[in-house]
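Next come the chains, spelled out residue by residue.
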Amino acid sequence: MKKTKIIGWIAAVIIGFTACKNSSTTDTGSAEKEKGEVKIDGSSTVYPITEAIAEEYRKEQPDVKVTAGESGTGGGMKKFTVGEIDICDASRTIKPAEDSLAKANKIDYVELKIAFDGLCIVVNPANKFLDNITTEELKKLWEPEAQGKVKKWNQVNAAWSAEEVHLFGPGTASGTFDYFTEEIVGAKGKSRGDYTASEDDNVLVQGVAGDKNALGYFGLAYFENNKDKLKNVKVNGIAPSKETVMNGTYKPLSRPLFIYVNKASFAKPGVKAFVKYYIDNVKSIVGDVGYIPLHDDEYAKTQKVFEDATK
Amino acid sequence: MANKRNRRIDKAFRITGLLATCFGVFVLIILLGSILIKGVTRLNFQFLSSLPSRFAAKAGILSALSGTLWIFGLTALFAIPVGIGAAVYLEEYGKKNKLGGFIEINISNLAGVPSIIYGLLGLGIFVHALKFGPVILAGALTLALLILPIIIVSTREALKAVPKTIREAAYGLGATKWQVIRTQVLPASAGGILTGMILALARAIGETAPLIVVGALAYVPFVPKSPFDNFSVLPMQIFNWVSRPQKEFTVNAAAAIIVLLVITFILNGFAVFLRNKWQQKVKW
């Protein structure tokens, strides 16, 4: 008696779960609908763009299963170069080591530039002396040699405060970190280590917002959404904005974002049409998720690369 | 004199204990309160039945919630029979020699291994060696391995709690070992076994790290229909929303946390209910 009850309970639970899963099926068949699967992984920076495109694409082609992960550019490339996924979101170009791995696995790919991401330098709103910073000053502040030595604002620029400077930035696994160190310090991954690091940019926002001697760097979208708590600093005299990033005057802290597509995947149902939709619509969508579109002629270039690859 | 001193110590200890309890409850109330205040307004049918979206107000947790339920169901299916079977063997049949002691220490240690290690194990075995790919089955098997030691340890404790006299009385009536286990030991320990099982499963549905390693995705625009489908789970969706720049997504995250908490509370409540029910029933 008791034993059957236990089994009954367990069975009821399992059947209950299976039932509620199978019940929700949406099937609105129509003539020219595509079918297929598109597997995407990679950069968590690019992820919101891909998610937005997939969301819109689903309205037109509900039967194409587009899935997207966010294991980071490196994690995505690991899967991309062995052929596990069709598309890799990337916040940097492919590394030589990854490229040779792809070649070894006979993966032929195409690189498509899709948008810009601006990095911004921010300080606390209580900071009255810092409105503009040069690349040189940023280097002095962030280079590995500064570790333990450059501790006060006026060590970088005599006109600045004599108080301690507290730095906030992304952790070493982040593509933002790679890009910043390459552009500012001059070598990828070279940075001082004595700063508050977090992979979550919202944590950096909180950090800078709560410390009047803080300075940090992260994606522009995080500043745009926290303008009341942060103060933006111009870099080399230029403030980051849609215009200055698009026309290339905000230098050097704006980076291009990419998707990499496995050429063999174009033969799979669904992938080619999805990538075409991506290129055609990304310009109008990137603004929704806080990124900046490329120039029209750059999109024309991306379009051409795609067309050549799918001929 | 000594008497007075002892009373003072007694009083001091009571106050310390009270403060410790209040501290725990206080922190819990603040955490739950802030989550509830933030997220409860976002909880509605649309939220439960929508797919991920770039607009916070349109986004929902349908695919993440269904992924969590799939993972939960399959994990239970794998972990419960194997866990109880192993525990019954070790406790009732296995000899208490050096090998038995060695196995016991190892199982207890496995219960303390960081979950990401199980994720790497699952990635190596289920995703790559057995070529399942990053699918529900691989995730569920990985979590089943993760909670197996917890189930075995708690089941053994429940079996140990059955008085020896009961077993001896049953043997005295001529019952075989299996008859003793089936008719006396298991029913008497069922409450404890179920409690351990459900607490282990409640832990499994909150796990994120091993599933990220196995390959749980962030964007899954469909409800999984088989164990070989790709999946997302609630903790992944929560993590994704928390790290977005737009503040409206943190409200979504809070609402999803409430859903996850409700699932956990239901499971724990169920465990308490079963324990009470079985404790009343067993009468010798």
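Colleague: Got a minute to help me understand the packing of aromatic side chains in this structure?
Modeller: Both the distance between ring centres and the angle between the ring planes are used here to describe each pair of aromatic rings. Inspection of every chain in the model, using the stated rule, returns 19 aromatic pairs over all chains. Taking the centre distance of 5.6 Å and the plane angle of 65° together, the rings of A:Tyr109 and A:Tyr260 count as edge-to-face. Of the two residues, A:Tyr109 sits in strand S4 (residues 109-123) while A:Tyr260 sits in strand S10 (residues 254-262), which places them 151 residues apart along the sequence. Exposure remark for A:Tyr260: the relative accessible area of 0% places this residue in the buried category. The interplanar angle of 90° and the centroid separation of 5.9 Å between the aromatic rings of A:Phe274 and A:Tyr278 together place this pair among those described as edge-to-face. Here A:Phe274 and its partner A:Tyr278 are both found in helix H10 (residues 271-285), four residues apart, which amounts to about one turn of the helix. Taken individually, A:Phe274 and A:Tyr278 each receive the classification buried, so the pair is uniform in this respect. Taken together, the ring pairs connect A:Tyr57, A:Phe274, A:Tyr277 and A:Tyr278 into an aromatic cluster. When the ring centre of B:Phe222 is taken as reference, the NZ or CZ atom of A:Lys65 above it lies at 4.5 Å. Between the NZ or CZ atom of B:Lys177 and the centre of the ring of B:Tyr93, over which it lies, the distance is 5.3 Å.

Colleague: When you look at the confidence of the model for chain A in this model, what are you seeing that I'm missing?
Modeller: Fine structural detail should not be taken from predicted coordinates in areas where pLDDT scores are low. Per-residue pLDDT for chain A averages 87, and the proportion of residues at 70 or more is 90%. Low confidence marks residues 15-31 of chain A, where pLDDT is under 50. Its contacts with residues over four positions away, or in another chain, come to eleven contacts.

Colleague: What am I meant to see in the domain arrangement of chain A here?
Modeller: A common measure of how large an interface is: the accessible area buried when the components associate. Residue and element names in this part refer to chain A. The domains assigned to chain A are domain 1 (34-117 + 255-309) and domain 2 (118-253). Centre-to-centre separation of domain 1 and domain 2, based on C-alpha positions: 29 Å. If you look at the interface, domain 1 gives eleven residues, while domain 2 gives 16 residues. When domain 1 packs against domain 2, close to 1100 Å² is buried across both sides, 61% of that on carbon and sulfur atoms. Among the residues of domain 1 in contact with domain 2, Asp-117, Arg-255 and Ile-292 are the three that bury the most area, contributing 49% of the side total.

Colleague: What should I look at first to understand the domain arrangement of chain B in this one?
Modeller: All names here are of chain B. Per the domain assignment, the segments of chain B are domain 1 (2-42) and domain 2 (46-281). Here the C-alpha centroids of domain 1 and domain 2 sit 30 Å apart. In this assembly, seven residues from domain 1 lie in contact with 14 residues from domain 2. The junction of domain 1 with domain 2 conceals about 790 Å² of combined surface from both sides, 73% of it contributed by carbon and sulfur atoms.

Cut-offs applied
Residues numbered from 1 in each chain as written. Chains lettered and ligands numbered in written order. Predicted model: local features only at pLDDT ≥ 70, side-chain atom pairs only at ≥ 80, totals over all residues. Heavy atoms only, no water. Phe/Tyr/Trp six-rings, centres within 6.5 Å; stacked < 30°, edge-to-face > 60°. Helix = DSSP H or I, 4+ residues; strand = E, 2+ residues; numbered from the N terminus. Buried < 20%, exposed > 50% of the residue type's maximum accessible area, 1.4 Å probe, protein only. Lys NZ or Arg CZ within 6 Å of the ring centre and 35° of its normal. pLDDT = per-residue confidence, 0-100. Contact = heavy atoms within 4.5 Å. Domains from an automatic or database assignment. Buried area = accessible area lost by both parts, 1.4 Å probe.

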